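A structural walkthrough
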Amino acid sequence: MLSSPFSPWRSILSPQVALDLTNVHLENARKAKGSELALTYCNEAQKTLARIRTSVRKALVSSVSVEDRAIRNEIASTYFELGELLENLKHRDKPQTCYKNSEKWG
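Residues numbered from 1 in each chain as written. Predicted model: local features only at pLDDT ≥ 70, side-chain atom pairs only at ≥ 80, totals over all residues. Heavy atoms only, no water.

A separate point is the state of the cysteines. Enumeration according to the criterion identifies 0 disulfides in this entry. The structure places no disulfide on cysteine 42, whose sulfur is separated from the nearest cysteine sulfur, that of cysteine 98, by 8.1 Å. By relative accessible area, cysteine 42 is classed as buried at 0%. (Disulfide = S-S within 2.5 Å. Buried < 20%, exposed > 50% of the residue type's maximum accessible area, 1.4 Å probe, protein only.)

Structural data, given as structure tokens:
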């Protein structure tokens, strides 16, 4: 079997890697020609953020370190941006979920 440089879609990602990959998806969604393609990129962004392990989320949310707070704020901002993008694409339910996740992280 050939090895792949890419992680399986269900693997756990570090917060920074998840943010970097999510930002790529969001940038592609902004540049997409057509709402269907943009929504596809938005869905990939949501899936990527969900790959941050629950234990890592809990540690980041309860941490008081400056570095952890910065990552937490960046994740919250990313969720908010994703919600705005979905709202602009006239998607009904997902923007609210993103805004709630933004509040949880921020």
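Let us look at the environment of leucine 26. Checked against the element boundaries, leucine 26 lands in helix α1 (residues 15–31). Given a relative accessible area of 0%, leucine 26 falls into the buried group. Separated by 18 residues in the primary sequence, leucine 26 and glutamate 44 have C-alpha atoms spaced 8.9 Å apart. Beyond its immediate chain neighbours, meaning those up to four positions away, leucine 26 contacts Ala45, Thr78, Glu81, Leu82 and Leu85. (Helix = DSSP H or I, 4+ residues; strand = E, 2+ residues; numbered from the N terminus. Contact = heavy atoms within 4.5 Å.)

Let us look at the side chain of glutamine 46. Looking at the element boundaries, glutamine 46 is found in helix α2 (residues 35–50). On the basis of relative accessible area, glutamine 46 is assigned to the buried category, the value being 16%.

What follows covers the pattern of salt bridges. Scanning the model with the defined rule gives 4 salt bridges in all. With a closest N to O distance of 3.5 Å, glutamate 44 and lysine 47 form a salt bridge. Of the two residues, glutamate 44 and lysine 47 both sit in helix α2, 3 residues apart, roughly one turn of that helix. What you see here is one network of salt bridges that share partners, running through Glu27, Arg30, Lys31 and Glu81. (Salt bridge = Lys/Arg side-chain N within 4 Å of Asp/Glu carboxyl O.)

Next up on the list: the environment of alanine 29. Mapped onto the fold, alanine 29 is located in helix α1. As a C-alpha pair, alanine 29 and threonine 40 span 11 residues in sequence and 7.8 Å in three-dimensional space.

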